[in-house]
Amino acid sequence: MKLNKQTGISLIMVSIISMLVAALGMTFLYYMRNGHLPMQDLWARFGKAAAVIRNDVQGSTGLPTGSSERPGMRQAATISEGVRRCTIDGKTVYSDTLCLDTNPTTKKIKLNDSKGMEPPKTAFAKDDAANAAGSANPASMTNEEMKKKIMEQAMGKGAPASSVADDDLRLKAMNRAIDRATK
């Protein structure tokens with residue numbers, strides 16, 4: 001009897017491929033739940049540890065950290081100084097250190113300090129400002145005054161109430177009118 005050697009993937013390779021597929025699945029599920037990968041946390045921890053070690057080494061040896069402390073380097077960009085724009089290798093670069101005075105395309109750009117996205121002013125603040133000015137137009141009425149005016153209009157238009165059902169209908173109509181006016 002002659003035995004033939006079988007060819008194909010070995011059992012070890014099957015186990016390694018299964019482990020890789022399981023690791024990818026676990027990574028995907030972790031990312032879907034937390035919104036970031038666990039390696040990002042590890043890199044952040046190692047980065048903090050590296051910064052602490054760098055500061056300790058700098059404090060003990062007195063070596064510069066590589067920031068703007070080196071001779072010939074400008075200080076970091078501020079609002080008053082601004083930043084520089086220049087062209088390096090055909091690309092526009094905004095930098096306070098790479099755009100040197102020797103580069104003929106260097107231009108100074110002033111920075112503006114902004115508060116980012118600000119919410120719009122509230123309607124109540126505008127109404128209070130208009131009331132303080134003594135304006136008599138309807139836009140300057142406060143919310144309570146507007147409700148009173150709407151209630152008076154609703155009461156004046158309707159016929160005198162003869163039953164409880166009419167009172168309920170009138171009250172519902174006033175509430176709808178107030179809701180529409182205050183939205």
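Residues numbered from 1 in each chain as written. Predicted model: local features only at pLDDT ≥ 70, side-chain atom pairs only at ≥ 80, totals over all residues. Heavy atoms only, no water.

1. Details of the packing of aromatic side chains
Applying the stated criterion to the full structure yields 1 aromatic pair. With a centroid separation of 6.4 Å and 70 degrees between ring planes, the pair formed by Trp-43 and Phe-46 is classed as edge-to-face. One end of the pair is Trp-43 and the other is Phe-46, both in helix 2 (residues 38–61) and 3 residues apart, which spans about a single turn. Residues Trp-43 and Phe-46 agree in their burial class; the two are exposed. (Phe/Tyr/Trp six-rings, centres within 6.5 Å; stacked < 30°, edge-to-face > 60°. Helix = DSSP H or I, 4+ residues; strand = E, 2+ residues; numbered from the N terminus. Buried < 20%, exposed > 50% of the residue type's maximum accessible area, 1.4 Å probe, protein only.)

2. Points about the environment of Ala-181
For Ala-181, the position within the fold is in helix 5 (residues 164–182). Ignoring sequence-local partners within four residues, the contact set of Ala-181 consists of Met-146 and Ile-150. (Contact = heavy atoms within 4.5 Å.)

3. Quick word on the side chain of Ser-95
Structurally, Ser-95 can be placed in strand 2 (residues 91–95). Separated by 2.9 Å, the side chain of Ser-95 and the backbone nitrogen of Leu-98 make a polar contact. In this structure Ser-95 touches Val-83 and Arg-84, once residues within four positions along its chain are discounted. (Polar contact = N/O pair within 3.5 Å; in protein donor to acceptor, adjacent residues only side chain to side chain.)

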